[in-house]
Amino acid sequence: MRLIGLDPGLRHTGWGIVEIRGNHLAGIAAGAIHPKKTGSTGARLAELYDAIDAVIAAWAPDSAAVEEGFVNKNAGATLKLGYARGIVLLAPARRGLEVTEYGTNAVKKAGVGTGRAEKAQVELMV
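Draft legend 1. Highlighting helix α1 (residues 41–59). When the terminal C-alpha atoms of α1 are compared, their 27 Å separation across 19 residues agrees well with the 27 Å that a helix rising 1.5 Å per residue should span. Looking at the buried positions of α1, the neighbouring elements they touch are β1 (2–7), β2 (13–21), β3 (24–33) and α2 (75–94). Ala60 occupies a position one or two residues after α1 and carries a positive phi of about 45°.

Draft legend 2. Structural view of the side chain of Arg44. The residue Arg44 is located in helix α1 in this model. There is a polar contact of 2.8 Å between the side chain of Arg44 and the backbone oxygen of Lys36. If near-sequence neighbours (up to four positions away) are discounted, Arg44 is found in contact with Leu10, Arg11, Pro35, Lys36, Lys37, Thr38 and Gly39.

Draft legend 3. Highlighting the sheet that holds β2. The strand order across the open sheet built from five strands is β3-β2-β1-β4-β5, with neighbouring strands paired in mixed fashion. A single partner strand is all that each edge strand has here, and the edge strands are β3 and β5 (98–102). Each neighbouring strand pair of the sheet contributes to a mean axis angle of 25°, computed without reference to strand direction. Where β2 meets β3, nine bridges bridge the pair, whose relative direction is antiparallel. Its bridge partner lying in β3, Ile20 is registered against Leu25.

Draft legend 4. Quick peek at unusual backbone geometry. Of note in this structure, Ala60 is not a glycine but carries a positive phi near 45°. Structurally, Ala60 is set in the loop between α1 and β4 (63–67). Residue classification places Ala60 among the exposed residues on the basis of a relative accessible area of 52%.

Draft legend 5. Layout of the environment of Leu81. Take Leu81: it is sitting in helix α2. For Leu81, a relative accessible area of 16% gives the class buried. Put simply, Leu81 and Pro8 are 73 residues apart on the chain and 7.1 Å apart in space, counted from C-alpha to C-alpha.

About the criteria used
- Residues numbered from 1 in each chain as written.
- Predicted model: local features only at pLDDT ≥ 70, side-chain atom pairs only at ≥ 80, totals over all residues.
- Heavy atoms only, no water.
- Helix = DSSP H or I, 4+ residues; strand = E, 2+ residues; numbered from the N terminus.
- Expected span 1.5 Å × (residues − 1).
- Contact = heavy atoms within 4.5 Å.
- Polar contact = N/O pair within 3.5 Å; in protein donor to acceptor, adjacent residues only side chain to side chain.
- Pairing = 2+ DSSP bridges.
- Axes fitted to C-alpha atoms, helices over the stretch in contact; angles between N-to-C directions.
- Buried < 20%, exposed > 50% of the residue type's maximum accessible area, 1.4 Å probe, protein only.

Written out as structure tokens, the structure is:
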């Protein structure tokens, strides 16, 4: 089974492809999408959609996992994250993939053993 994990953001959307073989996970590809900082929000979202769609087409995952959103103190930043999350949920769904959302702490706990792991620890385990 092949899974694509997506970490949404309007400026930076991270993605990773993991293959599940029995009890083992193998990271096989990863990258980030960086839409242009200029242009309309709609154009930037279209660029994000097209890039995610291209990754899905290239790696043919069986399902998708998306990091759940969070609300921060800056309402504008939260709204922009919401736009990006919508695209990140839509792109795999349009390709017929099951899309599941996971909280950050649950993902860290599953991969590292603690929900409070730092990014460097997660990277090392992956």
